[in-house]
There are 2 protein chains.
Amino acid sequence: MADSKQRTVFFVSESTGITAETLGHSLLSQFPHIDFTYHQRPFVDSVEKANNLFDEINQVAKDKRYKPLVFATMPEYKINRILQKANCYYYEVFESILDRIGKDLHTDPKRESGLSHGLINEKSYDARIDALNFTLKHDDAMVLKTLGESDVIIIGVSRSGKTPTSLYLALKFGIKAANYPITDDDFDKEELPQVLLDNRHKLFATSIKAKRLHQIREKRRPNSQYSSLETCKSEIKKAQKLYEKYGLKPMDVTSQSIEELAAQIVRKLNLKISKDTLI
Amino acid sequence: MADSKQRTVFFVSESTGITAETLGHSLLSQFPHIDFTYHQRPFVDSVEKANNLFDEINQVAKDKRYKPLVFATMPEYKINRILQKANCYYYEVFESILDRIGKDLHTDPKRESGLSHGLINEKSYDARIDALNFTLKHDDAMVLKTLGESDVIIIGVSRSGKTPTSLYLALKFGIKAANYPITDDDFDKEELPQVLLDNRHKLFATSIKAKRLHQIREKRRPNSQYSSLETCKSEIKKAQKLYEKYGLKPMDVTSQSIEELAAQIVRKLNLKISKDTLI
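The residue count restarts for each chain, going from 1 along the sequence in the order it is written. Lettering of chains starts at A and numbering of ligands starts at 1, both following the order in which they are written. Reporting in this predicted model follows two pLDDT cut-offs: at least 70 for local features of residues, and 80 or more for side-chain atom pairs to be given and counted; totals over whole chains, interfaces and linings ignore these cut-offs and use all residues. With hydrogens and water excluded, all non-hydrogen atoms of the structure serve as input to the side-chain values.

This part is about the side chain of B:Glu259. Within the secondary structure layout, B:Glu259 lies in helix H11 (residues 258-268). A residue is classified by how much of its surface remains accessible, and B:Glu259, at 3% relative accessible area, is buried. In the analysis that follows, any N or O atom pair within 3.5 Å is treated as a polar contact, provided that within protein one partner can donate a hydrogen and the other can accept it, and provided that, for residues neighboring in sequence, both atoms belong to side chains. At 3.1 Å, the side chain of B:Glu259 and the side chain of A:Arg128 are in polar contact. What counts as a helix is a DSSP run of H or I of at least four residues, what counts as a strand is a run of E of at least two, and both are numbered from the N terminus. The classification of residues rests on relative accessible area computed with a 1.4 Å probe and restricted to protein chains. Under 20% of the type maximum is buried, over 50% is exposed, and intermediate values are partly exposed.

What follows is the structure in structure tokens.
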């Protein structure tokens with residue numbers, strides 16, 4: 001059954017398992033024709049837990065009659081050695097690269113767990129939480145007068161993905177991301193509020209295809225005026241007119257994920273990312 | 001200057017660069033005595049962009065008189081080959097493991113970019129956004145009557161990290177995470193609201209050290225009754241009493257990061273994580 005199209009995958013770590021999971025998912029996304037089932041096994045930080053997981057992996061191999069895939073980040077040798085012997089395809093994500101870096105930098109790695117996603121640097125961690133609080137406070141144009149303190153202000157019509165992107169930027173990068181929905185009030189005046197114009201260099205304008213916007217809004221308020229394709233088309237057109245008035249070049253977000261959009265924003269505005277403020 | 005304690009690092013990708021960045025950060029966290037400066041270079045998806053980056057890397061190597069470190073996820077050979085020749089320590093994060101997986105699974109990887117963090121599966125992507133909207137709506141006990149639809153309800157005193165953790169769970173895993181701050185009203189009644197008790201199996205109780213809570217609240221409302229060490233101590237004690245009444249075992253969040261707490265919650269409640277709902 002070695003060629004079965006169904007596979008069990010374990011993400012294993014002495015700590016959160018975020019790294020093993022992120023890399024494992026990325027690698028396996030290169031095999032879209034195979035159906036993977038994922039299991040997280042974080043905080044495997046003792047010989048006893050490693051032995052239990054060893055048994056679990058072997059049991060899966062026996063029951064399913066094919067070897068599971070195991071992605072592990074195990075800076076400490078002791079636990080790594082136990083899992084390596086399980087009946088699985090074992091990928092130690094750190095191993096080969098960690099040693100190479102050590103050689104390249106002429107220094108030994110610490111080989112301690114919890115260094116990357118733990119609460120190591122309280123000050124920069126708190127800064128990330130501060131950014132998140134700022135973003136929550138400045139979501140959906142709730143507060144305008146302190147908008148100048150933001151790192152970026154995402155603008156666009158209602159329901160075009162501004163809020164999730166802002167939250168992602170804050171949580172992941174510690175970026176103070178505000179957002180402003182362009183609504184009837186702005187369309188009627190045919191201008192953007194002064195506080196936005198005062199922070200023009202921080203504006204990130206977005207556009208979206210009417211069909212997709214209609215689809216998103218329908219889920220929110222089915223069969224409403226707000227969600228009708230006609231309203232969506234009209235708002236998008238008026239927003240475009242406003243962008244042109246101020247020379248703003250919008251980015252089409254229709255087929256972009258939050259992560260892709262966030263990466264674009266960081267790049268375009270050349271935003272600073274603290275080394276400790278990464279998820 | 002090969003042993004300089006200051007190093008420039010590039011995270012390079014044809015797509016968002018999230019994987020290169022996550023793994024690169026984790027690996028470099030094992031060298032805490034070295035001071036790294038990070039640069040993100042996402043969407044390097046053409047020969048022209050690769051050539052520009054090639055020049056940039058070489059310029060850094062020349063100016064700083066030591067080689068920068070480059071972490072790259074480059075499933076396509078063409079661009080990878082250009083960057084490999086730059087004057088740097090080049091770590092292709094996918095390379096060795098991707099080939100091994102292909103061999104182990106008896107199938108070739110697709111070698112396409114944007115498969116892991118793009119908007120590939122619209123349905124599961126939308127589910128993640130739905131989870132985020134649910135979490136925003138059920139933050140801070142704003143809505144109680146639909147609490148039963150949540151996957152987890154985090155409870156604890158005000159400002160103990162419930163909101164960031166809930167948002168992280170929603171954004172990263174597509175988990176509907178509500179949270180409920182235990183306040184004076186509950187303390188006075190000496191009981192938790194019925195809607196929480198009806199969803200007891202979804203409750204995740206948190207505790208925190210008074211000194212840390214005091215420190216967090218001081219930033220929010222300096223020199224207030226709310227932030228005083230005395231109030232913090234008293235609230236924590238009363239919350240503990242409520243937990244005991246209902247047989248809830250709280251987790252101490254004092255020295256845990258959002259990521260660590262989220263991983264603990266997923267593990268303890270054995271929450272299901274969709275394969276497409278990962279940041």
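This paragraph deals with unusual backbone geometry. It is generally the case that most residues other than glycine have a negative phi and that most peptide bonds are trans. The backbone of A:Phe43 shows a phi angle near 55 degrees, a positive value even though the residue is not glycine. On the secondary structure map, A:Phe43 appears in the loop between strand S2 (35-41) and helix H2 (47-64). Located in the positive-phi region is B:Glu190, a residue other than glycine, with phi close to 60 degrees. Looking at the element boundaries, B:Glu190 is found in the loop between helix H7 (184-189) and helix H8 (194-198).

The residues that make up patches have over 30% relative accessible area and no salt bridge, and they are joined within 9 Å when like-charged or within 5 Å when they are Val, Leu, Ile, Met, Phe, Trp or Tyr. Surface accessibility in these figures is a Shrake-Rupley result with a 1.4 Å probe; residues are shielded only by whichever protein chains are displayed. Definition used for salt bridges: Asp or Glu carboxyl oxygen within 4 Å of a side-chain nitrogen of Lys or Arg. When charges are counted, Lys and Arg are positive and Asp and Glu negative, with His and the chain ends excluded. The atoms used to mark charge sites are NZ of Lys, CZ of Arg, CG of Asp and CD of Glu. The grouping of A:Asp184, A:Asp188, A:Glu190 and A:Glu191 at the surface amounts to a negative patch. Along the chain, A:Glu191 turns up in the loop between helix H7 (184-189) and helix H8 (194-198).

Turning our attention to the packing of aromatic side chains. Residues and elements named next belong to chain A. Only centres within 6.5 Å qualify two rings of Phe, Tyr or Trp (six-membered ring in Trp) as a pair; their planes then separate them into stacked at under 30 degrees, edge-to-face at over 60, and tilted for everything else. Counting across every chain of the model gives ten aromatic pairs over all chains. Aromatic pair Phe11 and Tyr38: ring centres 5.5 Å apart, planes at 15 degrees, arrangement stacked. Residue Phe11 is located in strand S1 (residues 6-13), and its partner Tyr38 is located in strand S2; the two are separated by 27 residues in the primary sequence. Arranged with centres 6.3 Å apart and planes meeting at 90 degrees, the rings of Tyr168 and Phe173 form a pair that is edge-to-face. When its relative accessible area of 2% is taken as the criterion, Tyr168 is described as buried. Clustering of aromatic rings is evident, with ring pairs tying together Phe11, Phe36, Tyr38, Phe71 and Tyr91. Stacked on the ring of Tyr226, the Lys or Arg Arg217 has its end atom at 4.3 Å from the ring centre. Note on criteria: charge over ring means Lys NZ or Arg CZ within 6 Å of the ring centre, with the direction from the centre no more than 35 degrees off the ring normal. When the ring centre of Tyr226 is taken as origin, the NZ or CZ atom of Arg221, which lies over that ring, is 4.2 Å away.

Let us now look at the relation of the copies chain B and chain A. All copies are superposed by least squares; the fitting set is the C-alpha atoms of residues with a pLDDT of at least 70 in both. Overlaying chain B with chain A gives an RMSD of 0.0 Å, the required rotation being 180 degrees about an axis along which the chain moves by 0.0 Å. Within this description, the copies of the chain are treated as partners about a two-fold rotation axis.

What follows concerns the sheet that holds strand S8 (residues 251-252) of chain B. Residues and elements named next belong to chain B. Two strands qualify as a pair provided DSSP detects at least 2 bridges between them. As summarised here, the arrangement of the four strands in space is S6-S5-S7-S8, forming an open sheet in which the pairing is parallel. Since the sheet does not close on itself, it has two edges, and those belong to strand S6 (177-182) and S8, each with one partner. Where strand S5 (residues 152-157) lies against S6, six bridges are found, and the strand directions are parallel. Note that in S6 the partner of Val157 across the bridge is Ile182. Only heavy atoms matter for contacts: two residues are in contact if any of them lie within 4.5 Å across the pair. Interaxial angles span 0 to 180 degrees and are taken between N-to-C directions of axes, which are lines fitted to C-alpha atoms, for helices over the stretch in contact. Strands in contact with helix H10 (residues 229-245) are S5, S6 and strand S7 (203-207); relative to S5, the strand with the most contacts, it is inclined by about 135 degrees.

This paragraph deals with the interface of chain B and chain A. Contacts between the two partners involve 90 residues from chain B and, on the opposite side, 90 residues from chain A. There are eight salt bridges connecting chain B and chain A. Applying the counting criterion to the chain B and chain A interface returns 20 residue pairs in polar contact (both at pLDDT 80 or more). Gly falls in the polar group here, along with every residue not listed as nonpolar (Ala, Val, Leu, Ile, Met, Phe, Trp, Tyr, Cys, Pro) or charged (Asp, Glu, Lys, Arg). Split by residue class, the side of chain B that touches chain A holds 42 nonpolar, 25 polar and 23 charged.

Glancing now at the sheet that holds strand S8 (residues 251-252) of chain A. Residue and element names in this part refer to chain A. Reading across the sheet, the four strands line up as S6-S5-S7-S8 and stay open at both edges, with parallel pairing between neighbours. What marks the edges here is a single partner per strand, and that holds for strand S6 (177-182) and S8. With two bridges joining them, strand S7 (residues 203-207) and S8 adopt parallel strand pairing. Its bridge partner being in S8, Thr206 is matched across the sheet by Met251. In the packing of helix H10 (residues 229-245) onto the sheet, contacts are made with strand S5 (152-157), S6 and S7, and the angle to S5 comes to roughly 135 degrees.

It is worth spelling out the packing of helix H9 (residues 210-220) of chain B against H10(B) at this point. All names here are of chain B. Axis separation between H9 and H10 bottoms out at 9 Å; the angle between their running directions is 125 degrees. Comparing their axes, H10 and H9 come out oblique. Crossing of H9 over H10 shows right-handed handedness. Contacts between H9 and H10 involve Ala210, Lys211, Leu213, His214 and Arg217 on the former and, on the latter, Leu229, Thr231, Cys232, Lys233, Glu235 and Ile236. An angle below 35 degrees is read as roughly parallel, one above 145 as roughly antiparallel, one from 65 to 115 as roughly perpendicular, and any other as oblique. Two helices cross in a left-handed way if the nearer one is turned anticlockwise from the farther one by less than a right angle. They cross in a right-handed way if the turn is clockwise.

Residues and elements named next belong to chain B. Orientation of helix H2 (residues 47-64) relative to helix H3 (residues 77-84), taken along the N-to-C sense of each, is 15 degrees, at an axis distance of 9 Å. Classified by the interaxial angle, the pair formed by H2 and H3 is roughly parallel. In this structure, the crossing between H2 and H3 has a hand that is right-handed. For the pair formed by H2 and H3, the contact residues are Val47, Ala50, Asn51, Leu53, Phe54 and Ile57 on the first element and Lys78, Ile79, Ile82 and Leu83 on the second.

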